[in-house]
Amino acid sequence: VQLQASGGGSVQAGGSLRLSCTASGRPLNNYATGWFRQVLGKESEFVAGISWTGGSTDYADSVRGRFTVSRDNAKNTVYLQMNSLKPEDTAVYYCGTQRYQGGGVVRVSARYDYWGQGTLVTVSS
């Protein structure tokens, strides 16, 4: 299973980006998916997650109210809509998915089994 995060780029503070997470080797449907980010030299940080149904979501306090995670199972894609971006949101963003179906949202990266290359988000002031 290989995930691919895309949609990153460079924006000014206050701008928006939408990240997408797709999978090959296995559909994302029926598996909880999480978004994490990492700044060079720092540990990865939970950003947002969504249950396999899409009915449950969770957000880090630092992004709550600005970011929205959603999924379109018909398109096998999980999205992270990021609004009101701040310079401190600058990081490489990764999506991860769990090994077993039906899992809930968790904030611990070790609970996600499959990852892909991240996408860089740069927010300038």
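Residues numbered from 1 in each chain as written. Predicted model: local features only at pLDDT ≥ 70, side-chain atom pairs only at ≥ 80, totals over all residues. Heavy atoms only, no water.

Caption draft 1: Highlighting the overall build of the protein. Looking only at helices and strands, one finds zero helices and 11 strands in the protein. Counting from the amino terminus, the protein carries its helices and strands in the arrangement β-β-β-β-β-β-β-β-β-β-β. Radius of gyration (C-alpha) of the protein: 13 Å, near the 14 Å computed for a compact globule of 125 residues. Reported as C-alpha extents along the three principal axes, the dimensions of the protein are approximately 40 × 30 × 25 Å. Each of the 125 residues in the protein was classed as buried or not, and the buried ones make up 42%. For the protein, restricting intrachain contacts to residue pairs at least 6 apart in sequence, the fraction spanning at least 24 positions comes to 58%. (Helix = DSSP H or I, 4+ residues; strand = E, 2+ residues; numbered from the N terminus. Rg over C-alpha atoms; globule rule 2.2 N^0.38 Å. Buried < 20%, exposed > 50% of the residue type's maximum accessible area, 1.4 Å probe, protein only. Contact = heavy atoms within 4.5 Å.)

Caption draft 2: Local environment of the environment of E43. Tracing the backbone shows E43 in the loop between β4 (33–38) and β5 (45–50). Of the residues examined, E43 reaches a relative accessible area of 74% and is grouped as exposed. Setting aside residues no more than four positions away along its own chain, E43 makes contact with R37 and Q38.

Caption draft 3: Focus on the pattern of salt bridges. For the structure shown, the criterion picks out seven salt bridges. Here D58 makes a salt bridge to R64, at a shortest N to O gap of 3.9 Å. Residue classification places R64 among the partly exposed residues on the basis of a relative accessible area of 43%. D113 serves as the salt-bridge partner of R99, at 3.8 Å between the closest nitrogen and oxygen. Here R99, found in the loop between β9 (91–97) and β10 (114–117), pairs with D113, found in the loop between β9 and β10; they are 14 residues apart in sequence, far enough to count as distant. Each member of the salt-bridge network shares a partner with another, and the members are R37, E45, R66 and D89. (Salt bridge = Lys/Arg side-chain N within 4 Å of Asp/Glu carboxyl O.)

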